[in-house]
Amino acid sequence: MGYVETDDFEQALAAMEKTEVNGRWQAEMGEFFIGLDGRRPDEGMHVLSEYFHLD
């Protein structure tokens, strides 16, 4: 489970892709994700819709 707030999700993903720590995370976590069919863990995410918001 992950959580992120951003005005531009695609831009946030592109920026994350450029970080060295992201490459390490992909390599280490890949074995824990199922059904990726050769894709990286971050390519198998499911974005959930926001149903409620509490401030």
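Everything below is about the structure shown above.
Predicted, not measured: the structure shown is a model, and the values here were computed from it.

Colleague: Any chance you could break down a nonpolar patch on the surface for me, citing the residues and the numbers?
Modeller: There is a patch of nonpolar side chains on the surface, built from Trp25, Phe32 and Phe33 and spanning about 320 Å² of accessible area. Mapped onto the elements, Trp25 comes out in helix 2 (residues 20–29). Accessibility expressed as a relative area gives 39% for Trp25, which makes it partly exposed.

Colleague: Could you give an account of the side chain of Gln26, with specific residues and numbers?
Modeller: Tracing the backbone through its elements, the reader meets Gln26 in helix 2. Here Gln26 is in contact with Arg40, Pro41 and Asp42, once residues within four sequence places are set aside.

Colleague: Any chance you could break down the packing of aromatic side chains for me, citing the residues and the numbers?
Modeller: Per the stated rule, a full pass over the model turns up one aromatic pair. When the ring of Trp25 is compared with that of Phe33, the centres are 5.9 Å apart and the planes differ by 70 degrees; the resulting orientation is edge-to-face.

Colleague: Mind laying out the environment of Thr6, listing which residues take part and the relevant values?
Modeller: Mapped onto the fold, Thr6 is located in the segment before helix 1 (9–17). Only 3.2 Å separates the side chain of Thr6 from the backbone nitrogen of Asp8, close enough to count as a polar contact.

Here is what the cut-offs are and how they apply
- Residues numbered from 1 in each chain as written.
- Predicted model: local features only at pLDDT ≥ 70, side-chain atom pairs only at ≥ 80, totals over all residues.
- Heavy atoms only, no water.
- Patch = residues over 30% accessible without salt bridge, like charges linked within 9 Å, V, L, I, M, F, W, Y side chains within 5 Å.
- Areas by Shrake-Rupley, 256 points an atom, 1.4 Å probe, with all protein chains shown as cover.
- Salt bridge = Lys/Arg side-chain N within 4 Å of Asp/Glu carboxyl O.
- Helix = DSSP H or I, 4+ residues; strand = E, 2+ residues; numbered from the N terminus.
- Buried < 20%, exposed > 50% of the residue type's maximum accessible area, 1.4 Å probe, protein only.
- Contact = heavy atoms within 4.5 Å.
- Phe/Tyr/Trp six-rings, centres within 6.5 Å; stacked < 30°, edge-to-face > 60°.
- Polar contact = N/O pair within 3.5 Å; in protein donor to acceptor, adjacent residues only side chain to side chain.

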